[in-house]
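Structural features, examined
Residue strings, one per chain:
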Amino acid sequence: MDWTPDEDALRGRVALVAGATRGAGRGIAAALGEAGATVICTGRSSVSGNAQSDYDRCETIEETAELVSALGGVGIPIQVDHLDIAQVRKLAEHVREQHGVIDILVNDLWGAELLKGHPRSWNRPIWEHDLDDGLRILRLGIDTHLITAHSLLPLLVTRPGGLHVEVTDGTKEYNDDNYRISVFYDLAKVAVNRLGYSLGHELEQFGATAITVTPGWLRSEMILDNWCVSEENWHKALNPNRSDGPIAPPGFVGSESPRYVGRGIVAVAADQGRSRWNQCSVTSAELAREYGFTDIDGRQPDGWT
C-alpha cells in the first residue's frame, strides 16, 4: 500500500513512553518521532548501566531517543526503574519542570519475557511454577503500570485532549476466552486490559482518553534473535530449507514490526475524535484497518487472524 507517515501529525505534542528501551516500546517511540512529537523515552537499560534490568541485552534508552530524533521528532532519554516509586515521582517532577504537560502517555512496561519461560514450560499448573518468578511477573507487568499512572497522569489531565495508552498482549475479547501461558502471565495481561478500562472511566471527566492496544506477533529484538534473523531479512526464518538457523512456524508470516503498533497509537493521538476509543481494547491491525496506515514494509499484517 502507498502510505507514508505525516511528519507533522504530532508536532509540538509531548509524549512519554514508559518502557521504551526495546520491542513495542521502541517501536512506539519511533512512530511518535515519525509524527514529529517530543518523546521522553524511559526504561532501565542505559549507556550508564542497566544493573536494574531483568535482561542482559545491548539495547538502551539512548538508542531509542536517537532513533526518535533521526525520524524527525525530539528524543529525550531518562533512565527510570518504574517499580521504584521515588524514581517515578522524580520523573514526574522533571517532566513538569521541563514540559509542563504530557499529551500522550504510553505504558509499555513489561520486562518479564524471560520469567514467563520457554514454551515447553507453558500451561503447567500454578504449583509447578517458581512462585518468586510468578510474583515478579505481576510486579513487572501490573505494579509498574499502576505506579506510572499514579505519578504521571496528573500531567496528562492539565488540559483536555490527553491520550493514555496501555499496551498488553491480547484484547479483552481474546483474553476472556483464551488462557495465556500461565496463571501469572494470564493475570498480568488480563489486568492491563482492565486497567485501561478503569483509567478510561476516570479520565473521561477530564476530557482525556484511555485505550488498551495489543500488537500481534511482534518482531522484537528478542524474537528476531530467537530465529537468528534481523528486521531486514526476517523472511529467512520461514524458509523450510534454511540451514543457518531455526525455522519459524508458518504463522510468522503474519508478524509485524514494533513500528506498526506505534503507528496505530499515533493515528489515535492525531484523531480529533479519539474519545470514541475510550475504554476500548484493540489490536494494531484493527487500528490499521480503521486509519489506513501500514507497517514499515507496506503491509497490514494481522497476527490475530
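Note that the structure is predicted; figures quoted are calculated from it, not measured. (Residues numbered from 1 in each chain as written. Predicted model: local features only at pLDDT ≥ 70, side-chain atom pairs only at ≥ 80, totals over all residues. Heavy atoms only, no water.)

**Quick look at helix α2 (residues 61–70)**
Every buried residue of α2 is listed here: I61, E62, T64, A65 and V68. For α2, the arc enclosing every buried residue in end-on projection is 160°, short of the 170-degree limit, so these residues lie on one face. Every exposed residue of α2 that faces more than 90 degrees away from the buried side is listed here: E66 and A70. Contacts from the buried residues of α2 go to α1 (23–34), β2 (38–43) and β3 (74–79). One or two steps after α2, the chain reaches G72, where phi turns positive at roughly 115°. (Buried < 20%, exposed > 50% of the residue type's maximum accessible area, 1.4 Å probe, protein only. Helix = DSSP H or I, 4+ residues; strand = E, 2+ residues; numbered from the N terminus. Arc of directions from axis to C-beta. Contact = heavy atoms within 4.5 Å.)

**Some words on the packing of helix α8 (residues 258–270) against helix α9 (residues 284–291)**
α9 packs onto α8 with a crossing angle of 50° between their chain directions and a minimal axis gap of 9 Å. Considering their axes alone, α8 and α9 lie oblique with respect to each other. In this structure, α8 crosses over α9, and the sense of that crossing is left-handed. Facing Y260, V261, G264, A267 and V268 of α8, the residues of α9 in contact are S284, A285, L287, A288 and Y291. (Axes fitted to C-alpha atoms, helices over the stretch in contact; angles between N-to-C directions. Parallel < 35°, antiparallel > 145°, perpendicular 65-115°, else oblique. Left-handed = near helix turned anticlockwise from the far one by under 90°.)

**Observations concerning a nonpolar patch on the surface**
The grouping of I126, W127, Y179 and V183 at the surface amounts to a nonpolar patch, some 460 Å² of accessible area in total. Here V183 shows up in helix α6 (residues 183–203). A residue is classified by how much of its surface remains accessible, and V183, at 36% relative accessible area, is partly exposed. (Patch = residues over 30% accessible without salt bridge, like charges linked within 9 Å, V, L, I, M, F, W, Y side chains within 5 Å. Areas by Shrake-Rupley, 256 points an atom, 1.4 Å probe, with all protein chains shown as cover. Salt bridge = Lys/Arg side-chain N within 4 Å of Asp/Glu carboxyl O.)

**Describing unusual backbone geometry**
Even without being a glycine, I181 presents a positive backbone phi close to 75°. For I181, the position within the fold is in the loop between α5 (172–177) and α6. Looking at I181, the relative accessible area reads 10%, which means it is buried. You will see that Q279, though not glycine, has its phi angle at about 70°, which is positive.

**Considering the sheet that holds strand β7 (residues 281–283)**
Across the sheet, which stays open at both edges, the seven strands sit in the order β3-β2-β1-β4-β5-β6-β7 with parallel pairing between neighbours. Two strands close off the open sheet at either side, each with one partner strand: β3 and β7. The average angle at which neighbouring strand axes cross in this sheet is 20°, direction not considered. Pairing between strand β6 (residues 209–214) and β7: three bridges, direction parallel. (Pairing = 2+ DSSP bridges.)

**Observations regarding the layout of surface pockets**
Of the voids in this model, the second largest pocket is the one considered here, and its volume is about 340 Å³. As for the second largest pocket, its lining consists of 19 residues, of which R219, E221, L224, E231 and P258 are closest to the centre. Elements with a minimum of two residues in the lining of the second largest pocket: α1, α7 (221–226) and α8. Its residues assigned to classes, the lining of the second largest pocket shows six nonpolar, five polar and eight charged. (1 Å grid on protein atoms, 1.4 Å probe; cavity = no way out; pocket = protein on both sides within 12 Å on 5 of 7 lines; lining within 4 Å. Points joined across faces, edges and corners; volume = space filled by probe spheres on them. Nonpolar A, V, L, I, M, F, W, Y, C, P; charged D, E, K, R; others polar.)

**Some words on the environment of G75**
Note on placement: G75 falls in strand β3. By relative accessible area, G75 is classed as buried at 18%. Taking the C-alpha atoms as reference, G75 lies 8.4 Å from E62; in sequence the two are 13 residues apart. Excluding residues that lie within four positions of it along the chain, G75 makes contacts with V39, A65, V68 and S69.

**Brief notes about the side chain of D169**
Structurally, the position occupied by D169 is in the loop between β5 (163–167) and α5. According to the relative accessible area criterion, D169 is buried, its value standing at 18%. Reaching out from D169, the side chain makes a polar contact with the side chain of R180 at a distance of 2.9 Å. A polar atom in the side chain of D169 sits 2.5 Å from the side chain of Y185. Once you skip the residues sitting within four places of it in the chain, D169 turns out to touch N175, R180, Y185, K189, T214 and W304. (Polar contact = N/O pair within 3.5 Å; in protein donor to acceptor, adjacent residues only side chain to side chain.)

**Notes on the pairing of strand β4 (residues 104–107)**
The alternating pattern of β4 places I104 and V106 on one face and L105 and N107 on the opposite face, and all of these are buried. Viewed along the sheet, the connection from β4 through helix α4 (residues 131–156) into β5 turns out right-handed. (Right-handed = clockwise from strand over helix to strand, strands pointing away.)

**Remarks on α1**
Helix length check: α1 (12 residues) gives 17 Å between terminal C-alpha atoms against 16 Å at 1.5 Å per residue, within 8%. The element α1 is extensively covered by neighbouring structure, given that 12 of its 12 residues are classed as buried. Two residues or fewer past α1, G36 is found with a positive phi of approximately 90°. (Expected span 1.5 Å × (residues − 1).)

**Considerations on the state of the cysteines**
Under the counting rule described, the total for this entry stands at zero disulfides. Take C228: it sits in no disulfide, and the sulfur closest to it among the cysteines is that of C58, at 15 Å. (Disulfide = S-S within 2.5 Å.)

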